[in-house]
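# Per-entry structural report
Here's the letter readout for the chains.
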Amino acid sequence: MVSLESLIVLLPLLGAVIIGLGGLANAAFRKQEGLIGWLASAMVLIPFGIVLTRFFGYQNMPLSFSLFSWMQAGGLDISFSYKLDDLSLPMMLVVTGVGALIHIYSIGYMHKDPGFYKFFAYLNLFIFAMSNLIMADNLVVMFLGWEGVGLCSYLLIGFWYTDMIKAEAAQKAFIVNRIGDFAMLVAMFLIYQMFGTLDFSLINAEAANPVAEAAGNRYFWITLLVFVAATGKSAQIPLFTWLPDAMAGPTPVSALIHAATMVTAGIYLIVRLNPLFLASPEVLMVIVVIAALTSVMAALTAIAQNDIKKVLAYSTVSQLGFMFMALGAGAFTTAIFHVITHAFFKACLFLGSGSVIHAMEHAHAAEDPQDIRTMGNLGKDMKSTSLTFWISTLAIAGIPGLAGFFSKDEILSSLFFNGFENQVYFAVWAVGLFTAILTAFYMTRLAWLTFNGKARYKTGAHIHESAPLMTIPLWILAVLAVLGGYIGLPYLIGHGEFHLFNHWLGDLVVNRDLHHALEEHAVFEYLLLALAFIVSIGTVLFARNLYSKHDLAADDKVKGFFGKFYGVMAGKFFWDELYDTILVRPFAWIGSKLLRPFESDGVDGIVTGAGSAVAGIGEVFRRLQSGLVSNYMVLISGGVLLVLTYLIFG
Amino acid sequence: MNSFPFSIAELALSSQYVLPLLILLGAGLLLMLLDAFGAAKFLPWVAGAAFLLSAGVAWTQGAPAGRLAFFGMMETGGIAPIVHAFLCLSGLLTLFFLSDYLDRHDRHISDVYALLVFAVLGMSLMANAHDLIMTFIGLETMSMCLYIFAALFKTELKSNEAGLKYFLLGSFASAFLLYGIALIYGITGTTNFSLLASPERIEIIQSQQTVFYVGAGMLLVGLLFKVSAFPFHFWTPDVYEGTPTPLAGFMATGSKMATFVALGTLMHQLDMFQNTKLLSVVGLASLLTMIYGNIVASRQQNIKRMLAYSSIAHSGYVLLGLCASQSGMEAMLFYMFIYTLMNIGAFGMLGMVEHDYPDTELENWRGMGQKAPLFAVAFSLFLFSLAGIPPLAGFMGKYEIFIAVIREGLLLPAIVGILASIVGVYYYLRVIVVMFFSKSGETSALLPSASRIPLAGAAILVVLVLVLGIFPSLILNPITQALSGLSQATAVLP
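Report follows, based on the coordinates. Starting from 1, residues in each chain are numbered consecutively following that chain's sequence as written. Think of it this way: whatever chain is written first is A, whatever ligand is written first is 1, and the rest follow in order. Only residues with pLDDT of at least 70 get local features here, since the model is predicted, and only at 80 or more are side-chain atom pairs given and counted; chain-wide, interface and lining totals rely on the full set of residues. Note: side-chain values were computed over all heavy atoms of the structure, leaving out hydrogens and water.

### Re the overall build of chain B
- Counting secondary structure elements, chain B contains 21 helices and two strands.
- The globule rule is 2.2 Å times the number of residues to the power 0.38, and the radius of gyration it is compared with is taken over C-alpha atoms. Since a compact globule built from 494 residues should have a radius of gyration of about 23 Å, the 22 Å found for chain B is in line with a globular shape.
- Here the C-alpha coordinates of chain B stretch approximately 75 × 60 × 40 Å along the principal axes.
- Here the term buried applies to any residue with accessible area under 20% of the maximum for its type, exposed to any over 50%, and partly exposed to those in between, with areas from a 1.4 Å probe on protein chains only. Taking all 494 residues of chain B together, the buried fraction comes to 69%.
- In this analysis, two residues are considered to be in contact whenever any of their non-hydrogen atoms come within 4.5 Å of each other. Of all intrachain contacts in chain B linking residues separated by at least 6 positions in sequence, the fraction that spans at least 24 positions is 80%. Only DSSP runs of H or I with at least four residues qualify as helices, and only runs of E with at least two residues qualify as strands; both kinds are numbered from the N terminus onward.

Right, here's the structure in full:
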């Protein structure tokens, strides 16, 4: 039963259980930071090793394995069965690889934290859940992982729960995700109703069937609901508000869960079900529009934020928007490509910000260790952090030759070439290009204000570079942020011949066929590439010059440029306020006003009031006289009357 | 019923079939005797042994459906043994928490054990009745015990209020039930399920639609009252609040399971209840119950009241399952089994600390995660399971219900149900947030100072809730097997 592959799933779970129970039961165990940290890391490193060997030994034959049969009911057999195939292998490489690096980094970052053991138990549990999500062979096991990562995210956001704001952020994340989960469940049941199975391969085979395709938009609701679910997990309009708040959690968590892995689950799921989506062009259109709006909105917000982690959070929302734009253009492999490159540079950026926050805190350099207005010139004392952060900044800004350039260029060009079929995509492409410019701008601003220019923190504070345990993972990720893009070279180099990643995914994931448009309008491919060159390098240089000249005062120039709109950007487009007005308050009103008469609060009132009164049978009768029991009888009789009226006359 | 020859052989055979019930009866009498002879210390153990023995005998006694006893009054095959075992289990699990609770409150009421055994006996009679009269007798036997449970702490105001309120409203509902039975008897001349299912009776019913609807409607109302379905639920929060906490957990599980089985048997075995109108009454009640229970629960400041409203909401899910024919019955039984575990666990653990934290107000649970971490983790697991978060057993229960409903093509009700259960997550989560995410000064112990027995009970339940989430077939398979012979039930008559 226990094949080597099953260890990929089981080891992280084992780690979580050992560390969790050990820590709960034994106070001495809790202090063994080295043991706990390395045990947890090993429980991710070993699976990484196994995935790596399977990746290189891959023979285009999916590796399936099953732990045991979960439930059989009415001809529906759901097993704990997993599949390592074209799609799940690269995703698992990222999850376990980046995951292991972040585990190791956390040993340094969480040093001396009283909840050290808890943190690693949660991290291991997260890896377990994420592996389930990705390797699941059917929707139910996938959903188990889907809920599991949500739960871990919730536990980790609220990790430092002494702080009420953090507890609220955690709760918000959980509840917003439940809305997505609702959509997911309904989609699952619809799939079951339509296909009679919850097995991915059977669903996809059925959906790719040409006869089924002719049936028109019968997948409309399924795909739309899956997308709604994805907006919850992957932070798109309208369900993205939890992600910026989730930054309340420890920074390695932001890197692992809220940048590199969990938030890409929605994208992964859509790619997994790509035949359904290819057959629903209307939904792809919805996706592309929502994604473009999310992306540009988040990028605009990021410009006006001063918290280092908030900027990165909005940047993540914006980049996820890019991935969804790719999905909306039917370029599924491109979306996964961007998931992977983004995992490298965004994890590096978050871990870098963690290193900065760590240093600021230890030096007591400012009131708020996350406010970039009180940073500046940190690069002088933090060489490794500064250098890796800058590399990743350039990568996300799309500087040619670095990872972000390849994947982002591919997204923009797939949008553009879709435009020949449907003009809406041209507009989306324009928005995407604008967002790419904004991205280059705010990321350069962030890196510059943090590491360069004048030092604005308290004079005399001694900033120290973090320990090697933290900087080594930074370097590894920075190298990947440079090299990660070469698995997918642009189409014009050998007509897609050298796009290794597309070849890898080719058998499983079918993109919308743009071959024709690409060949016919080949000249545009050159133009787009040239544009990408100019725009990225130009914007980075422009931002660098602006901020190096004016330092913090350059923000005023930006403010002047955007005018009144800057207030909207700084106010994060007022989504929280909007939700408060249209959702939270009406719900509270329904609860307090509309349902009050049913709630028998009156009884509560009397009971508390009479608490000190002498207990006795007379007292009981007095309260029964208050009419409550007879009220209940009247209500019950009313119910009976309704039932009978319906039965007789209905 | 003079069509049945009265013979010693028949009686002997019947007694053998109902041996599990006789064990409970004997144990109840023994408990009363022991109490009289001052052996109060042994009572919980005797009661526990009786539940175990009775459940064990029933479990090994499986037979195809249609094995009737006592002249067609009782069903002893099909799902009857398994239901009986489940009901005994709910009694047994309650025992884990009961005596510690009574000790803490300094109330050594030893009658309670005999009453608990009799309550389970009544539940089993009602659930496995094959005759409307038997349904009524079982329901009343059970209810009498429950009324006393509600009023158990007789010097406490809340308890008194609960007892009297439950008694008055319960009698009111029983009157409807009995009147419904009388009307059905009036037009068909029988109360026996097999005879009611016969073609001649169905013809009669069709010619007397109006009277039948009044009778069936009242019958339904009587049963819906017991499972606290909207709008017959008003008693629930008040009664649970006044009832000693472990017994409130028992009320919310055992008595509901028995009533659901009785309701399900009526709805699925008797053709006359396979009626779209009656089904839609149940379906509508189910939807309203889910919506109402979840919304109002989210506004409670008291954990016990919150659990009471949550139990209303859960009744809604189960009722929805009942609308979905055979597979719904299976889902219902499975759900009620799971619900029994997690709800007795939640109520039981609440009872363990109720005395040290002056009451069950949510406010007083601040920082429980620091004061008693292991306790708080276990309690959270029950809440997560109630909320239906995978991979805990509660998720599997909901999954089975909703998939059964979808298979029936009732997509819209299923969506409403899922939506309502999502609202439900909020209030369970709130308790967890208060326990873990709010500050409290001191760290005391991993667990509150409870004696070993309730702690063992809680531990067993935690393990079960975890294991059944991952291996649901352990319970699902026996249920499916027992149910597979159900459809022949109406055919066989001695």
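This is not the end of the story, as more comes after the structure.
### Examining the packing of helix α16 (residues 308–328) of chain A against helix α17 (residues 332–362) of chain A
Residue and element names in this part refer to chain A.
- Where α16 meets α17, the axes come as close as 9 Å, and the angle between the chain directions of the two elements is 175°. Put simply, α16 runs roughly antiparallel to α17. Residues I308, K309, L312, A313, S315, T316, Q319, F322, M323, A326 and L327 of α16 form the contact with α17, whose participating residues are F332, T334, A335, H338, V339, H342, K346, L349, F350, S353 and I357.
- Residue polarity follows a fixed list, in which Ala, Val, Leu, Ile, Met, Phe, Trp, Tyr, Cys and Pro are nonpolar, Asp, Glu, Lys and Arg are charged, and the others, Gly among them, are polar. Per-class residue counts for the contact of α16 with α17 are 13 nonpolar, seven polar and two charged. All axes are obtained by fitting lines to C-alpha atoms, using only the stretch in contact for helices, and the reported angles, taken between N-to-C directions, cover 0 to 180 degrees. In what follows, roughly perpendicular refers to angles from 65 to 115 degrees, roughly parallel to angles under 35, roughly antiparallel to angles over 145, and oblique to any angle outside these ranges.

### Regarding the pattern of salt bridges
Residues and elements named next belong to chain B.
- A side-chain nitrogen of Lys or Arg and a carboxyl oxygen of Asp or Glu constitute a salt bridge if their distance falls within 4 Å. Scanning the model with the defined rule gives 16 salt bridges over all chains in all.
- Salt-bridge contacts for D100 lead to R104; the nearest nitrogen and oxygen are separated by 3.1 Å. Within this pair, D100 and its partner R104 are both found in helix α4 (residues 80–104), separated by four residues, close to a single helical turn.
- Look at D100 and you get buried, because its relative accessible area is 10%.
- The salt bridge involving E161 is made with K165; its shortest N-O contact spans 3.0 Å. Here E161 pairs with K165, and both are found in helix α7 (residues 157–188), just four residues apart, close to one helical turn. As far as the burial class goes, E161 and K165 line up, both buried.

### Looking at the packing of helix α5 (residues 111–127) of chain B against helix α12 (residues 245–269) of chain B
Residues and elements named next belong to chain B.
- Look at α5 against α12: their axes get within 8 Å of each other, and the N-to-C directions meet at 20°. One element, α5, and the other, α12, form an angle in the roughly parallel class. Taken as a pair, α5 and α12 cross one another with a handedness that is left-handed. Contacts from V112, L116, A119, V120, M123, M126 and A127 in α5 reach L247, F250, G254, S255, A258, T259, V261, A262 and T265 in α12.
- In terms of residue class, the contact of α5 with α12 is built from twelve nonpolar, four polar and no charged. Two helices that cross are described as forming a left-handed crossing if the nearer one is turned anticlockwise from the farther one by less than a right angle, and a right-handed crossing if clockwise.

### Some remarks on the environment of A427 of chain A
Residue and element names in this part refer to chain A.
- On the secondary structure map, A427 appears in helix α20 (residues 424–451).
- On the basis of relative accessible area, A427 is assigned to the partly exposed category, the value being 46%.
- Separated by 138 residues in sequence, A427 and V289 have C-alpha atoms that sit 9.4 Å apart.

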